[in-house]
Amino acid sequence: MIKEAYVHAQVAQLKEALRTDFLGHEIRYFKQTDSTNTQAMTWAEEGAPEGSLVIAEHQTQGRGRQGRAWESKGSQNLLFSLILRPNLSPSHLSLLTIITSLSVAEAIQEVTTPLPVLIKWPNDILLNQKKCCGVLIETAHSTAQPQVVVGIGINVNQASFSEGISHKATSLLLETGRHADRLQLLARILLRLEHYYKALDEETAPIFIDKYTQTLAYLNESINLRQHGTENFRQGIIRGISASGALLFETNQGLETLHAGEVTTNDQIDH
Ligand code: BT5
C-alpha cells in the first residue's frame, strides 16, 4: 500500500475505535518522524487544540528523560504524544504523570491479565519487573499558557530488543505470547486518560494517588534511588506517594518527599 493510503487507513481505524470527547480528535500520523514529542510541541506552539495527538510508526530521535534514547522497531509498537493545557498549579503538574501512568497501566492490564502490571515511580510500566512502557512529559512556557506534551512509548509487538536494553526491556507480546491490536490499545488508553484528566484537580488527587499506590512497584521495599541528574545512589524504603505526586522515601534520616529521581534496583542501572 502506498504511504498516504496506509496513513489514511490507520487514522480512519483509530477514529472508528475512539470513544473520547476530545482526546485524539485531531491527529497527525507519521510513518516516520524525529520524535512525536518534538512534533507535538511545535504543533502546540502553533495553536493545536487541546487533546491533539501525534503518532508515529517509527522515530529517528525518540527520547526518554535527560537526553536518553527511546528505542523502538518500526511499526510494532505505540509511539505517541498528546497536547494538554492542564489547569493545575506548577507544583501539582506531577499529578499528570500519575494519571498518565495509571491510565496506561490499567489499559495494558486488560491485555495482559492475569499477569500483573506495576508502575515504577514515576513513569515506567513494568511486566515481570521489566519495562514495557515509558512516559515523557515536557512543558513549555514560551506561550501565554503552558503547553504540556505527554509522550508515551509502549513496547507492544516487538519480539526482541538490542543488547543494551534486553535485560530490562520487554513487550506485551513477549510477556503474553499474543500480538495485541495497537490502535485498540491506544483507544482504550485515551478513553481512560480523558476520564481521569477531566476529573483531576487538587481535591480529587488523593483518589488517583491511592489507585497509583496500589499498583506501585517496590512499595515498602528497600531500593536504591538515584538522585536526579547525578550518579549518587541512596538506599531507602518506598513508603508511597504524596498528595502532589512526589515519592515518599524513608531513609535513616527520616521520611523525605522527592519530586524527581529514579528508582533503581541493583541490576537495573540506567545509562
Ligand atoms: C522514558 O524515559 O522511559 C520515557 C520514554 C518516552 C518515549 C516516548 S515514545 C513517544 C514520545 N516521543 C519521544 O521522543 N519520546 C516519547 P527514561 O525513564 O529516561 O528511560 C529511558 C531508558 O529506558 C533508556 O536509557 C534505556 O535504558 C531504556 N529504554 C530505551 N528504549 C526502551 C524500550 N523500548 N523499552 C524499555 N526500555 C527502554
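Here the residue numbering is sequential within each chain, running from 1 through the sequence in written order. The predicted origin of the model limits local features to residues at a pLDDT of at least 70 and limits the giving and counting of side-chain atom pairs to 80 or more, whereas totals for whole chains, interfaces and linings rest on all residues. Excluded from the side-chain calculation are hydrogens and water; included are all heavy atoms of the structure.

Here's the deal with the overall build of the chain
Scanning the chain from terminus to terminus reveals 6 helices and 12 strands. In this treatment the radius of gyration is a C-alpha quantity, and the globule benchmark scales as 2.2 Å times the residue count to the 0.38 power. For the chain, the C-alpha radius of gyration of 18 Å lies close to 18 Å, the compact-globule estimate for 271 residues. When its C-alpha atoms are laid out on the principal axes, the chain stretches across 60 × 45 × 35 Å. Per-residue burial over the chain gives 54% buried out of 271 residues. Sequence-distant contacts, at least 24 apart, represent 63% of the contacts inside the chain between residues at least 6 apart. Each accessible area is a Shrake-Rupley result for a 1.4 Å probe, and residues are judged covered by the shown protein chains and nothing else. Surface exposure of the chain reaches about 12500 Å², of which carbon and sulfur atoms provide 49%. The positive count covers Lys and Arg only, the negative count covers Asp and Glu only, and His and the chain ends enter neither. Every charge is mapped to an atom, namely NZ of Lys, CZ of Arg, CG of Asp or CD of Glu. Each charge class in the chain can be summarised by its mean position, and for the 23 positive and 29 negative side chains these summaries are 4 Å apart. The secondary structure listing takes helices from DSSP runs of H or I that are at least 4 residues long and strands from runs of E that are at least 2 residues long, numbered from the N terminus. Burial here depends on accessible area, computed with a 1.4 Å probe over protein chains only, as a share of the maximum for the residue type. Under 20% is buried, over 50% is exposed, and the range in between is partly exposed. By definition, residues are in contact when any of their heavy atoms lie within 4.5 Å.

Some remarks on the pairing of strand β5 (residues 124–127)
A two-sided burial pattern is seen for β5, the buried positions comprising Asp-124 and Leu-126 on one face and Ile-125 and Leu-127 on the other. When DSSP locates at least two bridges between a pair of strands, those strands are taken to pair. By the bridge criterion, 4 bridges tie strand β4 (residues 117–120) to β5 in an arrangement that is antiparallel. In the strand pairing of β5, Ile-119 is matched with Ile-125. The antiparallel pairing of β4 with β5 creates a hairpin that spans 3 residues between the two strands. Sheet topology places β5 next to strand β6 (residues 130–140); 4 bridges connect them, and they run antiparallel. Directly across from Leu-127, in β6, lies its bridge partner Lys-130. Hairpin connection from β5 to β6: 2 residues lie between these consecutive antiparallel strands, with Asn-128 at a positive phi of about 50°.

Focus: the state of the cysteines
Defined by distance alone, a disulfide is two cysteine sulfur atoms within 2.5 Å. For the structure shown, the criterion picks out 0 disulfides. This cysteine, Cys-133, is not joined by any disulfide, and Cys-132 carries the nearest cysteine sulfur, 5.9 Å off. Residue class for Cys-133 comes out buried when judged on its relative accessible area of 0%.

Considerations on the packing of aromatic side chains
Note on aromatic pairs: the rings of Phe, Tyr and Trp (six-membered ring only in Trp) are paired at centre separations within 6.5 Å, and the planes decide the class, stacked below 30 degrees, edge-to-face beyond 60, tilted for the rest. Tallied over the entire structure, the rule returns 2 aromatic pairs. Ring geometry for Phe-22 against Tyr-197: centres 6.3 Å apart, planes inclined by 45°, an arrangement best described as tilted. One end of the pair, Phe-22, is in the loop between α1 (3–17) and β1 (27–33); the other, Tyr-197, is in helix α5 (residues 182–199), and 175 residues separate them in sequence. Taking the relative accessible area as the measure of exposure, Tyr-197 reaches 14% and is therefore buried. Lys-31 extends its terminal NZ or CZ atom over the ring of Tyr-6, reaching a point 4.3 Å from the ring centre. Two thresholds decide whether a charge sits over a ring: the Lys NZ or Arg CZ must be within 6 Å of the ring centre and within 35 degrees of the ring normal.

A word on the nonpolar core
Residues enter a nonpolar core if they are buried and are Ala, Val, Leu, Ile, Met, Phe, Trp, Tyr or Cys, with the set joined through side-chain atoms within 4.5 Å. By size, the foremost hydrophobic cluster in this structure holds 68 residues, and its most contacted members are Phe-80 and Ile-154. Here the element with the most residues in this core is helix α3 (residues 94–112); it accounts for 10 residues. Ignoring anything within four residues of it in the chain, the contact list for Phe-80 reads Thr-36, Leu-53, Val-54, Ile-55, Val-150, Gly-151, Ile-152, Ile-154, Leu-186, Ile-189 and Leu-190. Within the second largest apolar cluster, 9 residues are counted, among which are Met-41, Trp-43, Ala-44 and Ala-140.

Description of the site of the ligand
We call a residue near a molecule or strand when any one of its heavy atoms sits within 4 Å of it. Taken together, 29 residues lie around the ligand, and Ser-35, Arg-63, Arg-65, Glu-71 and Lys-131 are the ones closest in. At 2.9 Å, a side-chain N or O of Gln-59 approaches a nitrogen atom of the ligand. Here the ligand, which alone exposes 790 Å², has 98% of that area covered by the protein. Here the element with the most residues in the shell around the ligand is β6; it accounts for 4 residues. Looking at the shell around the ligand residue by residue, the class counts come to 9 nonpolar, 12 polar and 8 charged. We call two N or O atoms a polar contact when they sit within 3.5 Å, provided that within protein one can donate a hydrogen and the other can accept it, with sequence-adjacent residues counted only if both atoms are side-chain atoms. Each residue receives one of three labels: charged for Asp, Glu, Lys and Arg, nonpolar for Ala, Val, Leu, Ile, Met, Phe, Trp, Tyr, Cys and Pro, and polar for the others, Gly being one of them.

Overview of the side chain of Gln-158
Checked against the element boundaries, Gln-158 lands in the loop between β7 (147–154) and α4 (172–176). Within polar-contact distance, the side chain of Gln-158 engages the backbone nitrogen of Lys-73 at 3.0 Å. For Gln-158, the contacting residues outside a window of four places in its chain are Ser-72, Lys-73, Gln-76, Asn-77, Ser-171, Leu-173 and Leu-174.

Digging into the packing of α3 against α5
Here an axis means a line fitted to C-alpha atoms, over the contact stretch when the element is a helix, while the angle between two N-to-C directions is reported on a 0 to 180 degree scale. Orientation of α3 relative to α5, taken along the N-to-C sense of each, is 140°, at an axis distance of 9 Å. With respect to each other, α3 and α5 are oriented oblique. In the crossing of α3 with α5, the sense of the turn from one axis to the other is right-handed. Taking contact as the criterion, the partners of Leu-96, Ile-99, Thr-100, Leu-102, Ser-103, Val-104, Glu-106, Ala-107, Ile-108, Glu-110 and Val-111 in α3 are, on α5, Leu-185, Arg-188, Ile-189, Arg-192, Leu-193, Tyr-196 and Tyr-197. A per-class count over the contact of α3 with α5 returns 12 nonpolar, 2 polar and 4 charged. Roughly parallel refers to an angle under 35 degrees, roughly antiparallel to one over 145, roughly perpendicular to one between 65 and 115, and oblique to any angle outside these ranges. By the definition used in this description, the sense in which the near helix is turned from the far one sets the handedness, with an anticlockwise turn below a right angle giving left-handed and a clockwise turn giving right-handed.

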